[in-house]
There are 2 protein chains.
Amino acid sequence: MSLPVEVAKTSAEKTFYSLRKDIVEGRIPSGAKLSEAELASRYAVSRAVIREAISRLMSCHLVERKANVGAKVVTLSSAGLIELYQVREALEGMAARLAARHMNETEVDELQQLLSQHSAQVKHGQSYYQEAGDVDFHYRIVQGSKNQHLINVLIDGMYHLVRMYRVQLGMAGPRVTTAFDEHNQIALAIANRDEELAEMLMRRHILYSRNNIKNKLLTPSHFPTN
Amino acid sequence: MSLPVEVAKTSAEKTFYSLRKDIVEGRIPSGAKLSEAELASRYAVSRAVIREAISRLMSCHLVERKANVGAKVVTLSSAGLIELYQVREALEGMAARLAARHMNETEVDELQQLLSQHSAQVKHGQSYYQEAGDVDFHYRIVQGSKNQHLINVLIDGMYHLVRMYRVQLGMAGPRVTTAFDEHNQIALAIANRDEELAEMLMRRHILYSRNNIKNKLLTPSHFPTN
DNA sequence: TAACTGTGTTATGTCGACAATGTAGGGGCT
DNA sequence: AGCCCCTACATTGTCGACATAACACAGTTA
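Predicted, not measured: the structure shown is a model, and the values here were computed from it.

Caption draft 1: Spotlight on the relation of the copies chain A and chain B. Mapping chain A onto chain B calls for a screw motion: a turn of 180° about the axis and a shift of 0.0 Å along it, with 0.0 Å RMSD after fitting. As the rotation angle and translation indicate, the two copies are arranged about a two-fold axis. Minimal C-alpha distance to the rotation axis in chain A is attained by S59 of chain A, lying at 2.5 Å. In this assembly the copies share their binding face: 100% of the residues contributing to the interface of chain A also contribute to that of chain B.

The structure is reproduced here in structure tokens:
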């Protein structure tokens, strides 16, 4: 019913999750250098563990590394965020289409349960849960596509980047109310096994998000966007 | 004019390229276990280097790894290849659309030059170059999209997997003649800045490939497809 | 004064050894 | 005989130390 919790078996995995959290949530700022020695002492592990963790961060495209120079958190730009949403539009559009084809009845039911439960929460004014709820919704649809390559690219590689952009460019929790209706319509299209409509609505949903972001970027509220 | 040659600065990078080549071209078969000690002695480097190389192979989804157990080359299935082509269709379709929008005149010219030069080669019966030529064509269009996320996913993460599938499932050098015409039409659409047409033709082009592969899979020529 | 070179420092890249975990095989118990 | 547990081995995970490359700064020279 809920998102599978990633459980770390090795010390490198734990460090990776910690680092990823610190980066995505902005405690390690965009563009910052990741010194292996410093991180090793901070997390109380050896440099080998840190290097392993940094390797995995590179897989997610959260950090970049130059040989013999070091690793830095990726530099964000508003253009980069727009590009990211373009790719999301194509990929999640396909995910919605495939979800309409491949989700079983149980999964469809759970998706709709999630939405109604979510709707109740928001009516009580807990827009706090919106971020997690939004992630959960999209997550389920991607999983529902049953396409492993799609799942890999989006879940492992892209969602963390999106969250990082949103946190660091200061656009947390936008578009709560309208996004709900869009989610509901998408879920309905999937329940009706209407592949075309599901894809179209999902693409439009993400396009709206992109436009919303564009507008926010035009009126920079606190800091430059590189 | 040609593909940028990846030059290895560190020992780990060299080992990574070697390993990737061995895996993609089938010398290390699908499903094989990658023993760190064995590879370390074979490539005459330390285990740390091997671990670094394996990390990068995991980034490309060419190998999988379980904690405290080890790394194995990914297991291929015909279903997985089909899924891969579904994702390619969405991504490269978008790449073609963006290429039509963002490629400059020089890049468009070079793309068309490549095709005519390529066409001449094939008329001389050198269908040998088809594989490389095909890769080159798609590569340029992806680069022409100027979308860094798209470039990352496709170039670093997906094309090697596609090559691996094609080699190991025994479908090298297919559809030479018809693919040419399709390439030409796509290049023409891009030259005319017809985004819609470019995307449609590219999607169709990849769909044809997928169908072609499906047919080959129905008549398994030499070995089971898992 | 400006540019270049040499050196010293600091970081990353690489290595071999030790620790911890998973696995297979043999022995004992029911 | 079949199942379980325990031991021994093999493999991966982690560590600290050394090798090597990049950077900064001072000294020299035109």
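Caption draft 2: Just the sheet that holds strand β3 (residues 70–73) of chain B, in detail. Residues and elements named next belong to chain B. One open sheet holds the three strands; their spatial order is β1-β3-β2, and the pairing between them is antiparallel. Each of the sheet's edge strands pairs with one partner strand only, and the pair in question is β1 (33–34) and β2 (63–66). Here β2 runs beside β3; their pairing, made up of four bridges, is antiparallel. Counterpart to K66 in the pairing with β3 is G70.

Caption draft 3: Representation of the packing of aromatic side chains. Residues and elements named next belong to chain A. Considering all chains together, one arrives at two aromatic pairs over all chains under this definition. Pairing F16 with Y17 gives two aromatic rings, centres 5.4 Å apart and planes at 40°, and the pair type is tilted. F16 gets classed as buried once you look at its relative accessible area, which sits at 7%. One Lys or Arg, R88, reaches over the ring of Y85 and ends 5.1 Å from the middle of that ring.

Caption draft 4: Layout of the side chain of E83 of chain B. When you line up the elements, E83 of chain B lands in helix α4 (residues 78–102). K146 of chain A provides the closest opposite charge to the buried, salt-bridge-free E83 of chain B, at an N-O distance of 9.9 Å. With near-sequence residues (within four places) excluded, E83 of chain B lies in contact with K146, N147, Q148 and H149 of chain A.

Caption draft 5: The arrangement of the environment of S145 of chain B in detail. All names here are of chain B. Residue position: S145 is located in the loop between α6 (130–144) and α7 (148–168). Classification of S145 by relative accessible area gives buried; the value is 1%. Once the C-alpha coordinates of S145 and R101 are considered, the two residues, 44 residues apart in sequence, prove to be 7.7 Å apart. Residues contacting S145, with those up to four places away along its chain left out, are A95, L98, A99, H102, L150 and I151. Engagement of the side chain of S145 in a polar contact is seen with the backbone oxygen of V142, the distance being 2.7 Å.

Caption draft 6: Looking closely at the protein's contact with DNA strand C. Around DNA strand C there are 21 residues in total, and R47 and R51 of chain A together with S11, S46 and V49 of chain B lie nearest to it. Among the atoms of DNA strand C close to the protein, meaning within 4 Å, 71% are from sugar or phosphate groups. S46 of chain B places a polar main-chain atom, nitrogen or oxygen, 2.7 Å from a phosphate oxygen of DNA strand C. A distance of 3.5 Å is found between a sugar or linking oxygen of DNA strand C and a side-chain nitrogen or oxygen belonging to N68 of chain B. Those elements that provide at least two residues to the surface near DNA strand C are β1 (33–34) and α3 (47–59) of chain A together with α1 (11–24) and α3 (47–59) of chain B. Residue contributions to the surface near DNA strand C peak at three residues, all from α3 of chain B. Taken together, the residues of the surface near DNA strand C sort by class into eight nonpolar, seven polar and six charged.

Caption draft 7: Molecular detail of the sheet that holds strand β2 (residues 63–66) of chain A. All names here are of chain A. Spatially, three strands are ordered β1-β3-β2 in an open sheet, and the strand pairing comes out antiparallel. Bordering the open sheet on either side are β1 and β2, each of which pairs with just one other strand. Bridge count between β1 and strand β3 (residues 70–73): two bridges; the pairing is antiparallel. The partner of L34 across the bridge, within β3, is A71.

Caption draft 8: Quick peek at the protein's contact with DNA strand D. As a structural note, the neighbourhood of DNA strand D is formed by 20 residues, with S11 and S46 of chain A together with K33, R47 and R51 of chain B the closest of them. In the environment of DNA strand D, a sugar or linking oxygen lies 3.5 Å from a nitrogen or oxygen atom belonging to the side chain of N68 of chain A. Residue R47 of chain B places a side-chain N or O atom 2.8 Å away from a base nitrogen belonging to DNA strand D. Within the residue set of the surface near DNA strand D, elements represented by two or more residues are α1 (11–24) and α3 of chain A together with β1 and α3 of chain B. Of the residues forming the surface near DNA strand D, the biggest block, three residues, is contributed by α3 of chain A. For the surface near DNA strand D, the residue count by class is seven nonpolar, seven polar and six charged.

Caption draft 9: Local environment of the nonpolar core. By size, the foremost hydrophobic cluster in this structure holds 131 residues, and its most contacted members are L91, I141 and I190 of chain A together with L91, I141 and I190 of chain B. Contacts of I190 of chain B, omitting those with residues within four sequence positions, involve A96, A99, A100, M103, V108, L111, I141 and A198 of chain B.

Caption draft 10: Quick look at the packing of helix α4 (residues 78–102) of chain A against helix α9 (residues 195–218) of chain A. All names here are of chain A. Contact geometry for α4 and α9: axes closest at 7 Å, N-to-C directions at 165°. The orientation of α4 relative to α9 falls into the category roughly antiparallel. Classified by chirality, the crossing of α9 by α4 is right-handed. Class assignment of the residues belonging to the contact of α4 with α9 gives a composition of 13 nonpolar, four polar and 11 charged.

Caption draft 11: Molecular detail of α1 of chain B. All names here are of chain B. The first and last C-alpha atoms of α1 sit 20 Å apart over 14 residues, in line with the 20 Å expected at 1.5 Å per residue. Taking burial as the measure, the 14 residues of α1 include 10 buried ones, the bulk of the element. Those residues of α1 lying buried are A12, E13, T15, F16, Y17, L19, R20, D22, I23 and V24. Considering only its buried residues, α1 is in contact with α2 (36–43), α3, β2, β3 and α7. One side-chain oxygen of the residue at the start of α1 lies 3.0 Å from the amide nitrogen of A12, identifying that residue as T10. Phi for G26, located one or two positions after α1, is positive at around 85°.

What counts and how
- Residues numbered from 1 in each chain as written.
- Chains lettered and ligands numbered in written order.
- Predicted model: local features only at pLDDT ≥ 70, side-chain atom pairs only at ≥ 80, totals over all residues.
- Heavy atoms only, no water.
- Least-squares fit on C-alpha atoms with pLDDT ≥ 70 in both.
- Contact = heavy atoms within 4.5 Å.
- Pairing = 2+ DSSP bridges.
- Helix = DSSP H or I, 4+ residues; strand = E, 2+ residues; numbered from the N terminus.
- Phe/Tyr/Trp six-rings, centres within 6.5 Å; stacked < 30°, edge-to-face > 60°.
- Buried < 20%, exposed > 50% of the residue type's maximum accessible area, 1.4 Å probe, protein only.
- Lys NZ or Arg CZ within 6 Å of the ring centre and 35° of its normal.
- Lys, Arg positive; Asp, Glu negative; His and termini not counted.
- Salt bridge = Lys/Arg side-chain N within 4 Å of Asp/Glu carboxyl O.
- Polar contact = N/O pair within 3.5 Å; in protein donor to acceptor, adjacent residues only side chain to side chain.
- Near = heavy atom within 4 Å.
- Nonpolar A, V, L, I, M, F, W, Y, C, P; charged D, E, K, R; others polar.
- Core = buried A, V, L, I, M, F, W, Y, C linked by side-chain atoms within 4.5 Å.
- Axes fitted to C-alpha atoms, helices over the stretch in contact; angles between N-to-C directions.
- Parallel < 35°, antiparallel > 145°, perpendicular 65-115°, else oblique.
- Left-handed = near helix turned anticlockwise from the far one by under 90°.
- Expected span 1.5 Å × (residues − 1).

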